Amino acid sequence: MNFELSQLPEYFGIAGFLLWALSERWFQLSKSQQAGGDQRDQGTLLLISLFWYAAVIISIVDAHYTHWTTLTPLTGLHWFGISLILAGLLVRIQARRTLKQQYSALVKTSASHRLITTGIYGWVRHPAYLGLALLFLGIPLSSGSLLGLCIAVLGGIPSIGYRLKIEERFLVEVFGDPY
């Protein structure tokens with residue numbers, strides 16, 4: 001198998017996915033998430049995961065095997081995708097680090113939950129979701145997969161938006177005016 005420079009963005013896409021997966025697992029294994037509490041997820045984690053894995057897997061298969069909808073030759077969109085991956089990883093990891101044990105993969109709070117307005121949360125209201133959205137777009141773009149990008153745009157981003165609506169209502173219930 002010969003390596004070509006034109007394949008570099010595809011490998012960044014795969015690396016971005018792997019880094020995301022490892023960072024998510026690290027947070028789970030380090031027990032850096034809240035336990036117990038009131039939950040209002042309503043299946044959004046499953047919905048986001050479904051579109052996430054579909055966009056990533058289809059992008060990788062499209063870029064490396066089928067080439068049904070891939071952009072070739074290498075374009076600026078590939079490099080833009082790489083920058084979105086890097087930004088998404090940085091934003092998402094920083095959001096998780098700021099939340100510490102208040103993080104949950106589900107929409108929930110606990111008795112010890114407090115409103116975080118410092119760090120990246122002083123700049124962006126939902127940085128973890130912003131990071132995920134950047135990754136959703138960056139991975140298909142870096143591999144040049146238009147089909148993967150369509151899945152991300154038509155399914156992934158709206159599923160994040162749906163979850164945001166649920167979380168916003170819940171946080172207003174819990175924190176009221178300060179939120």
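Provided above is the structure to which this section pertains.
Cut-offs used in this document
Residues numbered from 1 in each chain as written. Predicted model: local features only at pLDDT ≥ 70, side-chain atom pairs only at ≥ 80, totals over all residues. Heavy atoms only, no water. Helix = DSSP H or I, 4+ residues; strand = E, 2+ residues; numbered from the N terminus. Buried < 20%, exposed > 50% of the residue type's maximum accessible area, 1.4 Å probe, protein only. Contact = heavy atoms within 4.5 Å. Areas by Shrake-Rupley, 256 points an atom, 1.4 Å probe, with all protein chains shown as cover. Phe/Tyr/Trp six-rings, centres within 6.5 Å; stacked < 30°, edge-to-face > 60°. Lys NZ or Arg CZ within 6 Å of the ring centre and 35° of its normal. Core = buried A, V, L, I, M, F, W, Y, C linked by side-chain atoms within 4.5 Å. Salt bridge = Lys/Arg side-chain N within 4 Å of Asp/Glu carboxyl O.

Draft legend 1. Local environment of the overall build of the protein. Helices and strands together make up the secondary structure of the protein, namely five helices and two strands. Looking at the protein as a whole, 45% of its 179 residues qualify as buried. In the protein, of all internal contacts separated by at least 6 residues, the share reaching a separation of at least 24 is 83%. Accessible surface for the protein amounts to roughly 9800 Å². Of this, 67% is attributable to carbon and sulfur atoms.

Draft legend 2. Representation of the packing of aromatic side chains in the model. Across all of its chains, the model carries one aromatic pair by this definition. Over the aromatic face of Tyr103 sits the side chain of Arg96, whose NZ or CZ is 3.4 Å from the ring centroid. Above the plane of the ring of Tyr179 lies Arg125, whose end atom (NZ or CZ) is 4.1 Å from the centre.

Draft legend 3. Geometry of the nonpolar core. Formed by 21 residues in total, the largest nonpolar core has its most connected members in Trp20, Trp52, Leu132, Phe136 and Ile160. A total of six residues in this core trace back to one element, the largest contributor, which is helix α4 (residues 127–143). Not counting chain neighbours up to four residues away, the residues in contact with Leu132 comprise Trp20, Ile48, Trp52, Arg92 and Ile160. Leu99, Tyr103, Tyr121 and Ala128 belong to the second largest nonpolar core, which has nine residues in total.

Draft legend 4. Structural context of the environment of Ile139. Looking at the secondary structure, you find Ile139 in helix α4. Taking C-alpha positions, Ile139 is 8.7 Å from Ile60, a pair spaced 79 residues apart along the chain. Apart from residues lying up to four places away in sequence, Ile139 is in contact with Gly13, Gly16, Phe17, Trp52, Val56 and Ile85.

Draft legend 5. Representation of the pattern of salt bridges. Using the criterion set out here, one finds one salt bridge in the structure. Between Arg125 and Glu168 there is a salt bridge whose closest N-O contact spans 3.3 Å. Taken together, the residues Arg125 in the loop between β2 (108–109) and α4 and Glu168 in helix α5 (residues 146–175) connect sequence positions 43 residues apart.

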